[in-house]
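These are the residues of each chain, in order.
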Amino acid sequence: MRVFFLVALMALLIGLPVTDAAAHDGWFVRVCPAKTEAGRIHLVFSGGRRGYSWSWIRGRSPDEIDLPRRFHSVARLTMRGSTVAMSGNIQPHAYVCVGFRDHIVQRMEFDDREDHQKNWNDTDDCAC
């Protein structure tokens, strides 16, 4: 018990989170590679006069990222996802989930392009 207390105190002092690793500080995006045919997905986010774009590349990009800190206080987010055609598959399927802190806000399943506007307190499911 004493060791855990000391480790938790040290983590708190140096700024490491002591809570569940699945919790996020703000908006995050998760690509589900097992349900995604696409080799590349382009994602664009905007809200609160801020913008951010990210490209996921199978095998080279992380499957989950946090949006930049400047999005932590954004209450309503506009998101757009699009896939890139592959040889033999002109419209590959993508399965992407966007969340805020501890819950999923929007599941996006698309073959070409998909757009959404969501509030931080909206909910959806994500079966990665």
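Refer to the preceding data block for the structure.
Reading the values: the criteria
Residues numbered from 1 in each chain as written. Predicted model: local features only at pLDDT ≥ 70, side-chain atom pairs only at ≥ 80, totals over all residues. Heavy atoms only, no water. Disulfide = S-S within 2.5 Å. Helix = DSSP H or I, 4+ residues; strand = E, 2+ residues; numbered from the N terminus. Buried < 20%, exposed > 50% of the residue type's maximum accessible area, 1.4 Å probe, protein only.

(A) Inspection of the state of the cysteines at higher detail. In this structure the tally under the stated criterion is two disulfides. Put simply, Cys-32 and Cys-128 are joined by a disulfide, and their sulfur atoms are 1.7 Å apart. Measuring the twist about the S-S bond at about -60°, one finds the Cys-32-Cys-128 disulfide to be left-handed. Of this pair, Cys-32 sits in the loop between β1 (27-31) and β2 (40-47) while Cys-128 sits in the segment after β8 (113-119), placing them 96 residues apart in sequence. Cys-128 gets classed as exposed once you look at its relative accessible area, which sits at 56%. In this model, Cys-97 is linked to Cys-126 through a disulfide, with the two sulfur atoms separated by 2.0 Å. Its S-S torsion of about 90° marks the bond between Cys-97 and Cys-126 as right-handed, since a negative value means left-handed. Highlighted residues: Cys-97 in strand β6 (residues 94-100) and Cys-126 in the segment after β8, separated in sequence by 29 residues.

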